[in-house]
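Fold and geometry: a report
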Amino acid sequence: MIERSRTINLCFHGVGQPARQLEPGEADYWVGVDTFRAVLDLVAGDPRVRLSFDDGNLSDVTVGLPALVERGLTATFFVLAGRLDQVGSLASDDVRTLADAGMRIGSHGMDHVPWRGLDTGDVERELVQARQRLEAVVGGRVVEAALPLGRYDRRLLGQLRRCGYRSLHTSDRRWARDGAWMQPRFSVRGADTLSSLRRDVLTPAPLARRARLGAIGVAKSLR
């Protein structure tokens, strides 16, 4: 039976062949075009699944958008404002194209650095100025954020709430509650298969594992 009170957030980073220099470890999060399309086909009829894309890679608009539209799907694109209009990343016109196609635009910050432990100036740059830049591009409010590298603590969560973000997307690899402010996500990686996604993501985890993952999230939010 499908649990409609729960959400499974799937996050992609890059699809196909990168068109820019990748950061160390980033290649593990790129998936092949055929795998990407197969994953969309797998989840297209599942009302629990929500899709997102991080980093603002060019493949978001060249591969991701056509595949989503073909299947009648939508997604949230968390864009790195500091990479706008750079080679291999989304151009400002690309972001507008995504928004005009009914996709949601969120902030992934400015420079792809962890937000935990930022000093005052960097908080302004990552949480405020990055969003302002994206809002200028889309001509509207940006109210969702995704954590670069998934790191957070109580201080950061408070800063994000004070900035007025209506939802925060993490990398905690567990199911989310519908409507919750914090939305854990599963990143789809290059080594994933349809079988592993069915087993490890789309199937409810054993109760002990769910309790352990929930406790980890609570500990991170209180530290």
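Before reading further, recall that the structure is shown in the block above.
Everything numeric in this text was worked out from a predicted model, so none of it was measured.

The next point concerns the packing of helix α2 (residues 59–71) against helix α3 (residues 92–100). Any two packed helices are characterised by how steeply their axes cross, that is the angle between the axes, and by the distance between the axes. In the contact formed by α2 and α3, the axes pass within 10 Å of each other and the chain directions differ by 20 degrees. Here α2 lies roughly parallel to α3, going by the angle between them. Relative to α3, α2 is oriented so that their crossing is left-handed. Contact residues: α2 offers D60, V61 and L65, while α3 offers D94, T97 and L98. Considered class by class, the residues forming the contact of α2 with α3 number 3 nonpolar, 1 polar and 2 charged.

We now examine helix α7 (residues 207–222). Since the α-helix packs 3.6 residues into each turn, any two residues three or four apart lie on the same face. Here α7 is 16 residues long and its end C-alpha atoms lie 23 Å apart, about the 22 Å a rise of 1.5 Å per residue gives. Tucked into the core, α7 has its buried residues touching α5 (154–162).

What follows is about the side chain of D94. You can see D94 is positioned in helix α3. Of the side chains with opposite charge, R96 lies nearest to the buried D94, which makes no salt bridge, at 9.0 Å. Not counting residues up to four positions away in its chain, the partners in contact with D94 are L58, V61 and S89.

Before going further, it helps to examine the packing of aromatic side chains. Scanning the model with the defined rule gives 4 aromatic pairs in all. With 4.5 Å between their ring centres and 10 degrees between their planes, F53 and F77 make a pair best called stacked. Here the residue F53 occupies a position in strand β4 (residues 49–54), and F77 occupies one in strand β5 (residues 76–79), the gap between them amounting to 24 residues. Each member of the pair, F53 as well as F77, carries the same accessibility label: buried. Aromatic rings pair up to connect F12, F36, F53 and F77 into one cluster. Directly above the aromatic system of Y165 lies the positively charged group of R131, at a separation of 4.4 Å from the ring centroid. Of note, R161 hangs over the ring of W181, and the distance from its end group to the ring centre comes to 3.8 Å.

Definitions and cut-offs
- Every chain is numbered independently, its residues counted from 1 as its sequence is written.
- A pLDDT threshold of at least 70 governs which residues receive local features in this predicted model, and a stricter bar of 80 or more applies before side-chain atom pairs are shown or counted, although totals over entire chains, interfaces and linings include all residues.
- As a convention, hydrogens and water are excluded, and side-chain values are obtained from all of the structure's heavy atoms.
- Only C-alpha atoms enter the line fits that serve as axes; for helices the fit covers just the stretch in contact. Angles between N-to-C directions range over 0 to 180 degrees.
- The helix count covers DSSP runs of H or I at least four residues long, the strand count covers runs of E at least two residues long, and both are numbered beginning at the N terminus.
- In this scheme, roughly parallel covers angles under 35 degrees and roughly antiparallel covers those over 145, while 65 to 115 is roughly perpendicular and the rest are oblique.
- Crossings are sorted by hand: turned counterclockwise from the far helix by less than a right angle, the near helix makes the crossing left-handed, and turned clockwise it makes it right-handed.
- Two residues qualify as a contact provided that any one of their heavy atoms is within 4.5 Å of a heavy atom in the partner residue.
- Gly is placed with the polar residues, together with every amino acid not listed as nonpolar (Ala, Val, Leu, Ile, Met, Phe, Trp, Tyr, Cys and Pro) or charged (Asp, Glu, Lys and Arg).
- By definition here, a helix of n residues has an expected span of 1.5 Å times n minus one.
- The cut-offs for exposure are 20% and 50% of the maximum accessible area for each residue type, with area from a 1.4 Å probe on protein chains only; residues under the lower value are buried, those over the upper are exposed, and the others partly exposed.
- In this tally, Lys and Arg are treated as positive and Asp and Glu as negative; His is ignored, and so are the chain termini.
- Salt bridges are counted wherever a side-chain nitrogen of Lys or Arg sits within 4 Å of a carboxyl oxygen of Asp or Glu.
- Whether two aromatic rings pair depends on their centres lying within 6.5 Å, for rings of Phe, Tyr and Trp, where Trp uses its six-membered ring; planes under 30 degrees apart make the pair stacked, over 60 edge-to-face, and the rest tilted.
- The criterion for a charge sitting over a ring is simple: Lys NZ or Arg CZ within 6 Å of the ring centre, and within 35 degrees of the ring normal.

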